[in-house]
Amino acid sequence: MTLRDRFAPERLIAAACEEAGSDDFGAEGWRPGLHRLTDGLINDARLSDIGVEIAHLDIMRALKNRLGVTAWRRRHPEIATKPVAAPIFIVGQPRTGTTILYDLLAQDPALRAPLTWEVDEPCPVPQPATYHDDPRIAHTQASIDMSEQIMPGFLAFHPMGALVGQECVRITAGEFVSMIFSVQYRLPNYYRWLLYEADHAGAYRYHRMFLQHLQSGVPGQWLLKSPAHLWQLDTLLAEYPDALIVQTHRDPLNVISSIAALTHHLRRMCSEESSIAECAAQSYEEIAVGLEREMALRDSGAVPAERVIDVQYSDFVNDPWTTIKDIYQRLDRELRPEAEEKMRGFLAAHPGDGGRGRYTWSDTGLAAGEVRERVRAYQHRYAVPTETLR
């Protein structure tokens, strides 16, 4: 079977419908994203044989999960009547401490993070009695372990686990409007469409549906995370007007070199042809646009100041507990002793991702002076310290 046949959208859709036993995908806004994604996988991604299989599995998972969530919702219409109340979103450039901050806050029993296993296999709805020993957990963990075997060192770059909170890009993959694809695969046309043209409103509607689905089994106040929200804060607040946003800040130049190294490492799982410089050029464009967009939204009032808590990466790294207590104060929440104890235990067990030494600015091929000038307004606005380039 040719690559074009393997990623033919209608063939993928038909296979997903047959496996799921349903053909109802809900709202139809997901199709343009699927067509752009598959076109990119065929023409731009330079997939290896194993990359073809991984990409096929990714698409089939997204399609079947969408079918499953839609069918469950149809059988249980009361799910749609339950609000997603005051969700907390951690956003910011990638590699700015969003993951460890998310993981620490997720130790609070009063907060509900979507775990990797339930995001990857949401049907049937997770239940409290089996939430930490559901058979799907072992299946999901085996897939994660396999990725480490395919590309040793990946989990040191970006720790993952079946029982760890998952990012929202894994959810919005079901709308095929998601940065998860343009990081994992070389998709120059797709990422520019995502950045400049795509309508993300449908992705956030599906995101809400997905959260309603999960919380119908295991309720709680949602704690969510993805750097990708930085580009769409107005769309996020249109869907979740009572959301609280925690935005992390760091020198964008070291962010660019770090995310370029991660992207390159990730793409090598699916392609024998990847370039750190190409990954860095994409990251630079995306990050510069994202920072400029979020500043404009905050200046215009589209993102009200009272809905955002700003966190300096340097402050968080140097004194995580002061940062966390400040966040709780801003959230008007009490940091209970049992929650703090769990957080301290988690941090002791996960002191860092060992990222130093894996990337240098010289690998990016970018001109530091040009990039520094473009991000100067961002650094000035948020008093972001300039770091020594690695």
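Residues numbered from 1 in each chain as written. Predicted model: local features only at pLDDT ≥ 70, side-chain atom pairs only at ≥ 80, totals over all residues. Heavy atoms only, no water.

The protein chain is annotated in an unreviewed UniProt entry as Sulfotransferase domain protein from Mycobacterium parascrofulaceum ATCC BAA-614.

K.L.:
I would appreciate a short explanation of the side chain of Thr235 in the present structure.
P.N.:
Tracing the backbone shows Thr235 in helix α13 (residues 233-239). On the accessibility criterion, Thr235 (16% relative accessible area) is buried. A distance of 2.8 Å separates a polar atom in the side chain of Thr235 from a polar atom in the side chain of Gln232. Once residues lying within four places of it in the same chain are set aside, the contact partners of Thr235 are His200, Ala201 and Tyr204. (Helix = DSSP H or I, 4+ residues; strand = E, 2+ residues; numbered from the N terminus. Buried < 20%, exposed > 50% of the residue type's maximum accessible area, 1.4 Å probe, protein only. Polar contact = N/O pair within 3.5 Å; in protein donor to acceptor, adjacent residues only side chain to side chain. Contact = heavy atoms within 4.5 Å.)

K.L.:
I would appreciate a short explanation of the pattern of salt bridges in the present structure.
P.N.:
Pairs can form between side chains of opposite charge once their charged atoms are near each other. Considering all chains together, one arrives at 24 salt bridges under this definition. Note that Arg298 and Asp310 form a salt bridge whose closest N and O atoms lie 2.8 Å from each other. Residue Arg298 is found in helix α15 (residues 276-300), and its partner Asp310 is found in strand β5 (residues 308-312); the two are separated by twelve residues along the sequence. Judged by relative accessible area, Asp310 falls into the partly exposed class, the value being 36%. Here Glu340 ties to Lys325 by a salt bridge, and the two come within 3.9 Å at their closest N and O atoms. One end of the pair, Glu340, is in helix α18 (residues 337-349); the other, Lys325, is in helix α17 (residues 320-331), with 15 residues separating them in the sequence. Through salt bridges that share partners, Glu10, Glu28 and Arg31 make up one connected network. (Salt bridge = Lys/Arg side-chain N within 4 Å of Asp/Glu carboxyl O.)

K.L.:
Even after reading the chapter, I still don't get the sheet that holds strand β2 (residues 111-112), so can you show me in this structure?
P.N.:
Picture the strands of a sheet paired through backbone hydrogen bonds; they go either parallel or antiparallel. Strand order in the open sheet formed by five strands is β2-β3-β1-β4-β5, and the pairing between neighbours is parallel. Two strands in the sheet have a free side with no partner beyond their single neighbour: β2 and β5. Note: β2 against strand β3 (residues 221-225), two bridges, orientation parallel. Within the sheet, the bridge partner assigned to Leu111 lies in β3 and is Gln221. (Pairing = 2+ DSSP bridges.)

K.L.:
Would you mind showing me how to read the nonpolar core here?
P.N.:
As a rule of thumb, soluble globular proteins bury nonpolar side chains together. Counting 68 residues, the largest nonpolar core has Leu41 and Tyr185 as the members making the most contacts within it. Apart from the residues within four sequence positions on either side, Leu41 is in contact with Leu3, Phe7, Leu47, Ala55, Ile59, Tyr185 and Leu187. (Core = buried A, V, L, I, M, F, W, Y, C linked by side-chain atoms within 4.5 Å.)

K.L.:
Mind showing me how you'd approach the layout of surface pockets here?
P.N.:
The method is simple in principle: a probe with the dimensions of a water molecule rolls over the atoms, and the space it marks as empty is what remains. Its volume calculated, the second largest pocket comes out at about 400 Å³. Along the wall of the second largest pocket there are 20 residues; nearest its centre are Ala106, Leu111, Leu115, Tyr131 and His132. Those elements that provide at least two residues to the lining of the second largest pocket are β2 and α18. (1 Å grid on protein atoms, 1.4 Å probe; cavity = no way out; pocket = protein on both sides within 12 Å on 5 of 7 lines; lining within 4 Å. Points joined across faces, edges and corners; volume = space filled by probe spheres on them.)

K.L.:
Can you help me understand the pairing of strand β4 (residues 244-249) in this one?
P.N.:
A regular strand carries its side chains on alternate faces of the sheet. Counting buried residues in β4 gives six out of six residues, a clear majority hidden from the surface. A two-sided burial pattern is seen for β4, the buried positions comprising Leu244, Val246 and Thr248 on one face and Ile245, Gln247 and His249 on the other. The pairing of strand β1 (residues 88-92) with β4 spans five bridges and is parallel. Bridge pairing in β4 places Ile90 opposite Val246. Sheet topology places β4 next to β5; five bridges connect them, and they run parallel. Note on β5: the bridge partner recorded for Ile245 is Val308.

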